[in-house]
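Here's the letter readout for the chains.
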Amino acid sequence: MKTLVWVEHDNASVKDATLAAVTAAAKLGDVDLLVAGQGAQGAADAAAQIVGVGKVLLADDAAYGHALAENVAPLIVGLAEGYDAVLFPATTTGKNVAPRVAALLDVAQISDILSVEGPKTFTRPIYAGNAIATVESSDAKLVITVRGTAFEKAATSGGSGSVEAVSATGDAGLSSFVGAELAKNERPELTSAKIIVSGGRALKDADTFQKTIFPLADKLHAAVGASRAAVDAGFVPNDYQVGQTGKIVAPEIYIAVGISGAIQHLAGMKDSKTIIAINKDEDAPIFQVADIGLVGDLFTLVPELTSKL
Amino acid sequence: MKILVPVKRVIDYNVKPRVKADGTGVDLSNVKMSMNPFDEIAVEEAIRLKEKGAAEEIIAISVGPAKAQETLRTALAMGADRAILVETDAEVEPLAVAKILKAVVAEENPGLVILGKQAIDDDSNQTGQMLAALLGRPQGTFASKVEIEGDSVSVTREVDGGLETVKLTLPAIVTTDLRLNEPRYASLPNIMKAKKKPLDTKSAADYGVDIAPRLKTLTVKEPPVRSAGIKVPDVDTLVNKLKDMGVAN
Ligand SMILES: Cc1cc2nc3c(=O)[nH]c(=O)nc-3n(C[C@H](O)[C@H](O)[C@H](O)COP(=O)(O)OP(=O)(O)OC[C@H]3O[C@@H](n4cnc5c(N)ncnc54)[C@H](O)[C@@H]3O)c2cc1C
Ligand SMILES: Nc1ncnc2c1ncn2[C@@H]1O[C@H](COP(=O)(O)O)[C@@H](O)[C@H]1O
């Protein structure tokens, strides 16, 4: 089987989530990569170093500068002819583009796969991860998004892929990029961090969140996450949200502070290796998944913990 | 401008789904069902655009069983003007839903279709993007802000790194994220009024769409359960545990 993996990148380097998609693709067959971007030679060169990669197709054009689905999808559809499966990391950009490709190819997309069970058989979470479905595709071609926490990351050096330019398909003229407000973050990225400290509604306001959660995260060199309630209330930006409809994380250690443990939150973090929960309600559902629970007022416990580390 | 809002009847988000013992699916008998939460946000956004004078008519549509009428009545009670039920007892995959919606768009010519970003049962996150592809229209997915500006729409999107704004030519497809708005509750008088609003019932065949599934579900299982943990009495014990894990010294 021949597979093509769409690469998420910042023109210079390959984003981590892509590496899990490469591992999933390698379970199906040979792996080629597609780097679409503007001035993305650096990303293509980096992609060629990933272990297990054959060809890296580089489509360098202004139309791909911001990964607009309207422009990227026709490019992938054109290339898909030579492949049996096209895979995307299940990031917001991957999720934006993949279904557009699937519909143009007239195939049912398989979202967020957790494992490869056979050439056309995969497992995927449904109902906020409260059930795992094994599905078999009857389509001639596969379009798949890959859950980043479910597969090992392919090694980023030691590969010997070759970079090959492919021609651009132009600007569809339907959409344009206006601007972005991307959070500047000195801390590790949520989806690749080894330790995450997350805060919930109990943190009261942005200032309290900042003063309580961030020092603990700094001590542990951890990323910071949040529940939906904390994001909705404006304590932290939207990209901190962990959960069914936010980011899916599986760090070595996940510390949930003042988070009740609604199923939508658990969906995003329950595959963490060790879960630690701090909550004043001993019956909070978060304790049903926590390996280590500490019952009490976070406003005394968290500063104490931070000072003792 | 008309706005089309697809709404799906799903398990209520407060209910913990139970997998059937025979591994064929999730048990939905005697379970509270509601409108998919992202679709409530979509209906609300359509109503706000109408209230601002940017739209004249809101049409809610659902593909599903007869009971999905309740979901459509909820949309009508919130403020949609009329509804279409494409009735089927089959589980319809996003691709087939998108094909039905494409046919409805051809009849109704809406300037905007506002969908949820994700149905909380299948968690597919596909239908809006697929509809946009089939229609050759632009898509503004995971929207946290939608503004009509003449013959285009500006959509701010929730992306992994923060927020991104794109400008789409109309007609366009938008999918909603959680922070786009807070949906209103339908008032009792509006619930009464909704009973008299038009609701058409159709079938997939009326639109000439083949809804046969492309994916076969072989089994549905419970995820691995986490073994019960321990409670520690104080911060010192927690610190020692962290030391044992090698993250503190
Ligand atoms: C469609 C949909 C999608 C959703 N997606 C997500 C998602 O992706 N991620 C997500 O997180 N949620 C999501 N939610 C929301 C989810 O249902 C919950 O509402 C949310 O997770 C609750 O956040 P919380 O635990 O911070 O708040 P709460 O449930 O209010 O919990 C606060 C907790 O803090 C504890 N507490 C209060 N004061 C203190 C104190 N002084 N010290 C110690 N503990 C204290 C309380 O005991 C309580 O357990 C979604 C909901 C819907 C409908
Ligand atoms: N059967 C359906 N009837 C009406 N709308 C649907 C249906 N299935 C999906 N949708 C719409 O598509 C969105 C995304 O669903 P999905 O792609 O299944 O995650 C939902 O939020 C709805 O707006």
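Just so you know, these numbers come straight off a predicted model, no measurement behind them.

Student: Can you help me understand the overall build of chain A in this one?
Tutor: The helix and strand inventory of chain A stands at nine helices and 16 strands. Relative to its length of 309 residues, chain A is compact, with a C-alpha radius of gyration of 21 Å against a globular reference of 19 Å. Across its three principal axes, chain A shows a C-alpha extent of roughly 60 × 40 × 40 Å. For chain A, the proportion of its 309 residues judged to be buried stands at 59%. Taking the intrachain contacts of chain A between residues at least 6 apart in sequence as the baseline, contacts between residues at least 24 apart amount to 65%.

Student: Help me out: how do you make sense of the packing of helix H9 (residues 298-308) of chain A against helix H6 (residues 235-244) of chain B in this one?
Tutor: Their axes nearest at 10 Å, the elements H9 of chain A and H6 of chain B cross at an angle of 45°. The angle between H9 of chain A and H6 of chain B falls in the class oblique. Crossing geometry of H9 of chain A relative to H6 of chain B is assigned as right-handed. On the side of H9 of chain A, the interface is formed by Leu301, Glu304, Leu305 and Lys308 of chain A, while H6 of chain B contributes Val235, Asp236, Leu238, Val239 and Leu242 of chain B. Classifying every residue of the contact of H9 of chain A with H6 of chain B gives six nonpolar, no polar and three charged.

Student: In this structure, what is going on with the sheet that holds strand S7 (residues 121-126) of chain A? I would like to understand it.
Tutor: Pairing is antiparallel across the open sheet formed by four strands, whose spatial order is S6(A)-S7(A)-S8(A)-S12(B). Strand pairing shows two members of the sheet lacking a second neighbour, strand S6 (115-118) of chain A together with strand S12 (215-221) of chain B, which therefore form its edges. Mean inter-strand twist for the sheet, computed between neighbouring axes without regard to direction, equals 35°. Pairing of strand S8 (residues 131-137) of chain A with S12 of chain B, which is carried by six bridges, proceeds in the antiparallel orientation.

Student: How should the side chain of Ser227 of chain A be read in this particular structure?
Tutor: By the secondary structure assignment, Ser227 of chain A is in the loop between strand S13 (223-226) and helix H6 (228-232). Once you skip the residues sitting within four places of it in the chain, Ser227 of chain A turns out to touch Gly199, Gly200, Arg201, Ile259 and His265 of chain A.

Student: Please explain the packing of helix H3 (residues 69-80) of chain A against helix H4 (residues 92-105) of chain A as it appears in this structure.
Tutor: The angle between the axes and the distance between the axes are what describe a pair of packed helices. All names here are of chain A. As a packed pair, H3 and H4 sit with axes 9 Å apart at the nearest point and diverge in direction by 50°. Relative to H4, the element H3 lies oblique. The two elements H3 and H4 cross, and the hand of that crossing is right-handed. In this structure, H3 uses Ala69, Glu70, Val72, Ala73, Ile76, Val77 and Ala80 to contact H4, whose residues at the interface are Asn96, Val97, Arg100, Val101, Leu104 and Leu105. For the contact of H3 with H4, the per-class residue count stands at 10 nonpolar, one polar and two charged.

Student: When you look at the interface of chain B and chain A in this model, what are you seeing that I'm missing?
Tutor: Reports often express the size of an interface as the amount of accessible area lost when the parts come together. Contacts between chain B and chain A engage 74 residues on the former and 82 residues on the latter. Of the roughly 6500 Å² buried between chain B and chain A, counting both surfaces, carbon and sulfur atoms make up 55%. Looking only at chain B, the three residues that lose the most surface to chain A are Asp160, Arg214 and Arg226 of chain B, adding up to 12% of its buried area. The tally of links between chain B and chain A comes to six salt bridges. Here Arg214 of chain B ties to Asp106 of chain A by a salt bridge, and the two come within 3.1 Å at their closest N and O atoms. In this assembly, chain B and chain A are joined by 44 residue pairs in polar contact (both at pLDDT 80 or more). Only helix H3 (94-108), helix H4 (127-135), strand S7 (139-149), strand S8 (152-159), strand S9 (162-169), S12, strand S13 (230-232) and H6 of chain B provide two or more residues apiece to the side of chain B that touches chain A. Considering only residue class, the side of chain B that touches chain A consists of 36 nonpolar, 15 polar and 23 charged. As paired strands, strand S11 (residues 175-182) of chain A and S9 of chain B are joined by seven bridges and run antiparallel to one another. Counterpart to Leu182 of chain A in the pairing with S9 of chain B is Gly162 of chain B.

Student: Would you explain a nonpolar patch on the surface in this entry?
Tutor: All names here are of chain B. Where nonpolar side chains cluster on the molecular surface, the patch consists of Leu188, Ile191 and Met192 and spans about 290 Å² of accessible area. Its place among the elements puts Met192 in helix H5 (residues 188-194). What makes Met192 partly exposed here is its relative accessible area of 45%.

Student: In this structure, what is going on with unusual backbone geometry? I would like to understand it.
Tutor: Most of the time, phi is negative for any residue but glycine, and the peptide bond is trans. Residue Pro171 of chain B is bonded to the preceding Leu170 of chain B through a cis peptide linkage, with omega at 0°. The residue Pro171 of chain B is located in the loop between S9 and strand S10 (172-176) in this model. Even without being glycine, Tyr127 of chain A reaches a positive phi, approximately 50°. Positioned with a positive phi, Asn30 of chain B is a non-glycine residue whose angle comes to about 60°. Tracing the chain through its elements places Asn30 of chain B in the loop between strand S2 (9-11) and strand S3 (33-35).

Conventions and cut-offs
Residues numbered from 1 in each chain as written. Chains lettered and ligands numbered in written order. Predicted model: local features only at pLDDT ≥ 70, side-chain atom pairs only at ≥ 80, totals over all residues. Heavy atoms only, no water. Helix = DSSP H or I, 4+ residues; strand = E, 2+ residues; numbered from the N terminus. Rg over C-alpha atoms; globule rule 2.2 N^0.38 Å. Buried < 20%, exposed > 50% of the residue type's maximum accessible area, 1.4 Å probe, protein only. Contact = heavy atoms within 4.5 Å. Axes fitted to C-alpha atoms, helices over the stretch in contact; angles between N-to-C directions. Parallel < 35°, antiparallel > 145°, perpendicular 65-115°, else oblique. Left-handed = near helix turned anticlockwise from the far one by under 90°. Nonpolar A, V, L, I, M, F, W, Y, C, P; charged D, E, K, R; others polar. Pairing = 2+ DSSP bridges. Buried area = accessible area lost by both parts, 1.4 Å probe. Salt bridge = Lys/Arg side-chain N within 4 Å of Asp/Glu carboxyl O. Polar contact = N/O pair within 3.5 Å; in protein donor to acceptor, adjacent residues only side chain to side chain. Patch = residues over 30% accessible without salt bridge, like charges linked within 9 Å, V, L, I, M, F, W, Y side chains within 5 Å. Areas by Shrake-Rupley, 256 points an atom, 1.4 Å probe, with all protein chains shown as cover.

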